[in-house]
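What the coordinates show
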Amino acid sequence: MAKKGRVFSGARPTGRQHLGNYLGAIKNYVALQDDYDCVYCIVDLHALTTIETTADLKQNTYEMALDWLAAGIRPEETTLFIQSHVPQVTELHTILSMVTPLGKLTDLPTFKEKVRQNESNINYGLVGYPVLMTADIVLYRSDVVPVGIDQAPHIEFAREIVRSFNYRYNTKALLEPQMKNTEIPKVLGIDGKEKMGKSLNNHIELAATPDETRLRVMQMVTDPQRMRRTDPGNPDVCNVFSMHKIFTPAEDVEMINRECRVAGIGCVDCKKRFAENLNKSLEPFRARREEIGKTPNDVWDILHDGAKRARTIAEKTMADVREALQLP
Ligand code: ADP
């Protein structure tokens, strides 16, 4: 079946993935493969803007690739690779930086947020992050980029950079990417308050053992108003209930919804059930992960093969770009 076009997406190598990564990104990556020619990139160069040491970079890249593969990324049809394995992206980044107004970069809300988060390390790369992201997208001639609402300004910005480049050099060398608005759920951490993430250590890893998962789930904060077992609870404000809706069979979700409100079921029991259902849902993923993980070299081969395919597309784009620039 003919595909609708090429999708590009990238994520920093953060190692073992958590439920937030799965529900907010990977699940969608897997589904997009049915309709699009997908290019998925582990953006290690982007990671350098904020990490203090690169000691874990290789292992984190491997663990992440392993999770993505186990979750259903199909490397025969999808180009899965590491950003730095295609050095053309840094060349394009430099070229695009010449048509990017600095003021626009420093005005982006995401830049201001990063400055707040990295006060002691506000580097040049951090400012240029959206330019490198644009280079990623256009280097692979991507038609669409799936993004949630918070990333929308970056794609709009990428489109502006492309237009500036094409206009200034009177060319059509770069393709203006389209935004594919994607409903990205905000998965809360076990604290029930903040977005799930590694930095807050409020996450549940997909590759955790069933026991580790159970332990994490039992630490989850439920309806904060419910103090005693005999108090009625409110599933509408309970993070465990929102997870039940994703991982628990519908008839049980209905029962929990009903019984929680009349104190028929307690939070401990509710969490035990969730842990069980979550473990059951993750069983096939974990089995595949174990299987693939038996031969780490195959995972690296997949990544190297992906980079080879990516470089072929990249070299074509760069040939057009160099010609448009009339570089000597
Ligand atoms: P990056 O900064 O490279 O996007 P992250 O590890 O923060 O790296 O996120 C990787 C992907 O997982 C992103 O698409 C992000 O939206 C998604 N994601 C991460 N945490 C959550 C969460 N708690 N809820 C929903 N989506 C999430």
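Residues numbered from 1 in each chain as written. Predicted model: local features only at pLDDT ≥ 70, side-chain atom pairs only at ≥ 80, totals over all residues. Heavy atoms only, no water.

Comments concerning the packing of helix H10 (residues 239-247) against helix H12 (residues 267-293)
- With their axes 10 Å apart at the nearest point, H10 and H12 run at an angle of 35 degrees to one another. The handedness of the crossing between H10 and H12 is left-handed. Counting all contacts with H10, which are made through Val 240, Met 243, His 244 and Phe 247, the residues of H12 involved are Cys 270, Lys 271, Arg 273, Phe 274, Asn 277, Leu 278 and Ser 281. (Axes fitted to C-alpha atoms, helices over the stretch in contact; angles between N-to-C directions. Helix = DSSP H or I, 4+ residues; strand = E, 2+ residues; numbered from the N terminus. Left-handed = near helix turned anticlockwise from the far one by under 90°. Contact = heavy atoms within 4.5 Å.)

Remarks on the state of the cysteines
- Tallying each qualifying case throughout the model produces 0 disulfides.
- A disulfide-free cysteine, Cys 238 has its sulfur positioned 5.9 Å from the sulfur of Cys 270, the nearest such atom.
- Here Cys 267 stays unpaired: no disulfide links it, and the sulfur of Cys 238, its closest cysteine neighbor, is 6.2 Å away. (Disulfide = S-S within 2.5 Å.)

Quick look at the environment of Phe 285
- Checked against the element boundaries, Phe 285 lands in helix H12.
- Given a relative accessible area of 7%, Phe 285 falls into the buried group.
- Placed 126 residues apart in sequence, Phe 285 and Arg 159 show a C-alpha to C-alpha distance of 37 Å.
- Apart from the residues within four sequence positions on either side, Phe 285 is in contact with Asp 67, Ala 70, Ala 71, Leu 206 and Ala 207. (Buried < 20%, exposed > 50% of the residue type's maximum accessible area, 1.4 Å probe, protein only.)

Here's the deal with the pairing of strand E1 (residues 6-11)
- Here E1 runs beside strand E2 (residues 37-42); their pairing, made up of 6 bridges, is parallel. Paired with Phe 8 across the bridge in E2 is Val 39.
- After leaving E1, the chain enters helix H1 (residues 19-32) and then returns to the sheet as E2, a path that is right-handed. (Pairing = 2+ DSSP bridges. Right-handed = clockwise from strand over helix to strand, strands pointing away.)

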